[in-house]
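Fold and contact review
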Amino acid sequence: MIRKLFSSSRAPMLLAGIALTAFNMLNSLSAQAAAPMAHNPAPGFYRIMVGEFEITALSDGTVDLPMNKLLNQSQKKTDQALAYAFEQSPLETSVNTFLVNTGSKLILIDTGAGNLFGPTLGKLITNLKASGYQPEQVDEIYLTHMHPDHVGGLMANGAIAFPNAVLRADRHESEFWLSKSNMDRATPDNKGFFQGAIASVSPYVEAEKYIPFDGDAELVPGVSSVLSQGHTVGHTSYLIQSKGQKLLLIGDLIHVAAVQFDTPSVTIAFDSDQKQAAAERLKVFSSAAKDGILVGAAHLPFPGMGHVGVNGKGFRWIPMNYTQIR
């Protein structure tokens with residue numbers, strides 16, 4: 001049969017058809033291979049359970065920081081430590097926030113930078129929505145401190161971003177950062193910290209949505225503030241407890257894992273009290289390592305949660321195992 005077909009006068013047409021089919025198949029494969037790159041990352045949220053509480057880490061994005069200039073040790077030492085961790089300066093640094101659903105309250109801890117730190121940050125609201133929540137559902141917002149990359153997300157397009165939320169922070173923070181006289185006395189390099197805090201927090205104060213607390217306190221059942229001064233005058237960690245499980249959210253007690261776990265005495269230029277910041281870090285790391293408590297940090301690589309282990313005279317960071325809620 002095949003011989004008859006190819007020996008007939010139709011053979012040239014059949015061959016042409018086969019060639020056209022082969023060409024179209026190759027062209028289709030070529031078109032698939034040339035598909036444009038997506039470039040978009042996965043939505044920046046990660047969810048775990050702590051007892052009966054749902055914890056969602058939310059990324060506000062990343063920012064490149066010259067850590068070999070910001071850390072208070074020689075640039076050579078910082079560069080060596082970063083290289084050992086296959087990193088370099090400027091270091092792409094995560095800005096993490098955490099959403100705590102207790103079942104009766106939805107609590108956001110820190111709000112990222114909003115539009116105060118450039119285009120690589122300010123992704124909190126997008127990732128909050130991607131995680132299944134809306135800004136209007138947030139009941140309370142707790143700030144670790146009032147640096148711009150923690151308060152900027154309080155506002156969006158000139159309006160309060162979380163219209164139904166009460167804002168809370170240690171009173172030392174608001175008394176210091178919302179003070180115009182303090183801002184007037186600040187060096188030119190530091191005035192922006194005050195301006196960011198005033199622009200972001202003051203609308204909540206004026207709307208009577210700001211309720212400060214003083215030191216260590218249970219803010220809602222299972223969520224407590226833990227004063228951890230040094231980075232700022234009222235820097236606060238938050239302890240989450242449910243069914244015997246614990247998560248300690250430590251804010252800016254650490255910025256660079258490759259350096260400050262091995263050598264917790266190394267501080268950063270953003271620390272307002274260098275000695276106190278180093279002492280607080282050592283105290284918290286020692287306690288976390290001893291108790292095996294889960295830790296979450298604002299600037300460790302997203303999602304910024306894991307455990308602290310002892311490593312000689314220093315510590316080591318053990319990122320938490322990937323897990324699914326079951």
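For clarity, every value in this text was computed on a predicted model and none was experimentally measured. (Residues numbered from 1 in each chain as written. Predicted model: local features only at pLDDT ≥ 70, side-chain atom pairs only at ≥ 80, totals over all residues. Heavy atoms only, no water.)

As for the environment of alanine 278
Heads up, the condition is: Working definition: helices are DSSP H or I runs of at least four residues, strands are E runs of at least two. Numbering for both runs from the N terminus. Here, two residues are considered to be in contact whenever any of their heavy atoms come within 4.5 Å of each other.
Note on placement: alanine 278 falls in helix 11 (residues 274–291). For alanine 278 and isoleucine 268, which are ten residues apart along the polypeptide, the C-alpha to C-alpha distance reads 9.5 Å. Discounting residues that sit within four places of it in the chain, alanine 278 has contacts with Pro264, Ser265 and Thr267.

Digging into the side chain of aspartate 170
For clarity, the threshold we go by: Classification of residues uses two cut-offs on accessible area relative to the type maximum, computed with a 1.4 Å probe and protein chains only: under 20% is buried, over 50% is exposed, and between them is partly exposed. Positive: Lys, Arg. Negative: Asp, Glu. His and the chain ends are not part of the count. We define a salt bridge as a side-chain nitrogen of Lys or Arg found within 4 Å of a carboxyl oxygen belonging to Asp or Glu. Side-chain atoms alone can form a polar contact between residues adjacent in sequence; in general such a contact is a pair of N or O atoms within 3.5 Å, and within protein one must be able to donate a hydrogen while the other accepts it.
Looking at where aspartate 170 falls in the secondary structure, it is placed in the loop between strand 8 (166–168) and helix 7 (171–177). Of the side chains bearing the opposite charge, arginine 171 lies closest to the buried aspartate 170, which forms no salt bridge; the N-O distance is 5.7 Å. Here the side chain of aspartate 170 touches histidine 172 through a polar contact of 2.5 Å, side chain to side chain. In this structure aspartate 170 touches Tyr210, Phe213, Asp214, Gly215, Leu227, Gly234 and Thr236, once residues within four positions along its chain are discounted.

Points about the nonpolar core
For clarity, the cut-off: The criterion is simple. A nonpolar core is a set of buried Ala, Val, Leu, Ile, Met, Phe, Trp, Tyr and Cys residues joined through side-chain atoms within 4.5 Å.
In terms of nonpolar packing, the biggest core is built from 28 residues, with Ile141, Leu143, Met146 and Phe162 touching the most fellow members. Secondary-structure elements contributing two or more residues to this core are strand 4 (106–109), helix 5 (124–130) and helix 9 (188–206). Ranked by the residues each element gives to this core, the list is headed by helix 9, at five residues. The contact partners of phenylalanine 162, leaving out residues within four places of it in the chain, are Leu108, Thr111, Leu124, Ile125, Leu128, Pro135, Val138, Ile141, Gly153, Leu154 and Tyr204. Ile55, Ile107, Phe213 and Tyr238 belong to the second-largest nonpolar core, a separate cluster that totals 21 residues.

Concerning the confidence of the model for the protein
For clarity, the cut-off: Values of pLDDT, the confidence the predictor places in each residue, fall between 0 and 100.
With 90% of its residues at a pLDDT of 70 or more, the protein shows a mean pLDDT of 92. Across residues 1–7, confidence stays below pLDDT 50; counting only partners more than four residues off in sequence or on other chains, it has four contacts.

Description of the packing of aromatic side chains
Two aromatic rings, taken as a pair, are described by how far apart their centres are and by the angle between their planes. To be explicit about the condition: Note on aromatic contacts: the rings of Phe and Tyr and the six-membered ring of Trp form a pair at centre separations within 6.5 Å, being stacked when their planes are under 30 degrees apart, edge-to-face when over 60 apart, and tilted otherwise.
A full pass over the atoms with the stated rule returns eleven aromatic pairs. Ring centres of phenylalanine 193 and phenylalanine 270 lie 6.3 Å apart, and the angle between their planes is 55°; this geometry places the pair in the tilted category. Taken together, the positions of phenylalanine 193 in helix 9 and phenylalanine 270 in the loop between helix 10 (257–260) and helix 11 put the pair 77 residues apart, joining distant regions of the chain. Each ring, one from phenylalanine 261 and one from tryptophan 317, has its centre 5.4 Å from the other, and the planes form 15°; the classification is stacked. Here tryptophan 317 lies in strand 15 (residues 314–319) and phenylalanine 261 lies in the loop between helix 10 and helix 11, a separation of 56 residues in the sequence. No difference in accessibility class separates phenylalanine 261 from tryptophan 317, as the two residues are buried.

Brief notes about the pattern of salt bridges
Counted under the stated rule, the structure contains seven salt bridges. Between arginine 171 and aspartate 214 there is a salt bridge, with its nearest N and O atoms 2.7 Å apart. On the criterion of sequence distance, the pair formed by arginine 171 in helix 7 and aspartate 214 in the loop between helix 9 and strand 9 (217–220) is long-range, its members being 43 residues apart. Assessed through its relative accessible area of 30%, arginine 171 is described here as partly exposed. Under the relative-accessibility criterion, aspartate 214 is labelled partly exposed at 46%. The residue glutamate 280 makes a salt bridge to lysine 283 at a minimum N-O spacing of 3.4 Å. Of this pair, glutamate 280 and lysine 283 are both found in helix 11, three residues apart, which corresponds to roughly one turn of the helix. Taking relative accessible area as the criterion, glutamate 280 reaches 11% and is therefore assigned buried.

Some points on the sheet that holds strand 2 (residues 53–65)
Selection criterion: DSSP calls a pair of strands paired once it identifies at least 2 bridges connecting them. Between the N-to-C directions of two axes lies an angle of 0 to 180 degrees, each axis being a line fitted to C-alpha atoms and, for a helix, fitted only over the stretch in contact.
Spatially, 1-2-3-4-5-8 is the arrangement adopted by the six strands of the open sheet, whose pairing is mixed. Two strands lie at the open edges of the sheet, namely strand 1 (45–50) and strand 8, each paired on one side alone. Recorded for the sheet is a direction-independent mean angle of 25° between the axes of neighbouring strands.

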